[in-house]
Amino acid sequence: PIYIPLCGAYSGKIEEESFDLQVKVREFLVSSEDNPHNSKVMLLLGDAGSGKSAFVRRLFQQLWEEFKIGDSIPLW
């Protein structure tokens, strides 16, 4: 299957500049691991069929492929 990387934005405004969603999620995960006492939640919103589930499946697979003992365990 073909996977097209997703772009994200902090709001739904059309004039807002978008960013690479993969990069931002990875930054979020690293900052969460650096400070485990600082609980954070990321909410991924999008229209039906926009690729949210495919994105998370791919991210989950990548996190397991990179998993090392002592890392946070990826759950989906």
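Placed above this text is the structure.
Since the model is a prediction, treat every value here as computed from it, not as a measurement.

Enquirer: For a nonpolar patch on the surface, give the residues involved together with the corresponding values.
Expert: On the surface, Trp64, Ile73 and Leu75 cluster together into a nonpolar patch covering about 370 Å² of accessible area. Classification of Ile73 as exposed rests on a relative accessible area of 55%.

Enquirer: Lay out the side chain of Gln62 in plain terms, naming residues and giving numbers.
Expert: Checked against the element boundaries, Gln62 lands in helix 2 (residues 52-65). A polar side-chain atom of Gln62 sits 2.8 Å from a polar atom in the side chain of Gln22. Apart from the residues within four sequence positions on either side, Gln62 is in contact with Gln22 and Arg26.

About the thresholds
Counting starts from 1 at the beginning of each chain's written sequence and moves along it residue by residue. With pLDDT at 70 or above as the cut-off, local features in this predicted model cover only qualifying residues; side-chain atom pairs require 80 or more to be listed or tallied, and sums for whole chains, interfaces and linings still use all residues. Note that the side-chain values use all heavy atoms of the structure and ignore hydrogens as well as water. Residues enter patches when they are more than 30% accessible in relative terms and free of salt bridges; like-charged ones are connected within 9 Å and nonpolar ones (Val, Leu, Ile, Met, Phe, Trp, Tyr) within 5 Å. All accessible areas in this document rest on Shrake-Rupley with a 1.4 Å probe, and a residue is counted as covered only by the protein chains that are shown. Throughout this description, the term salt bridge denotes a Lys or Arg side-chain nitrogen within 4 Å of a carboxyl oxygen of Asp or Glu. Burial status follows relative accessibility: with a 1.4 Å probe on protein chains alone, a residue under 20% of its type maximum counts as buried, one over 50% as exposed, and anything between as partly exposed. Secondary structure follows DSSP: runs of H or I at least 4 residues long count as helices, runs of E at least 2 residues long count as strands, and numbering of each begins at the N terminus. N or O atoms within 3.5 Å of each other form a polar contact, as long as, within protein, one can give a hydrogen and the other can take it, and as long as residues adjacent in sequence are counted only when both atoms are side-chain atoms. When checking whether two residues touch, look at their non-hydrogen atoms; a contact exists if any pair is within 4.5 Å.

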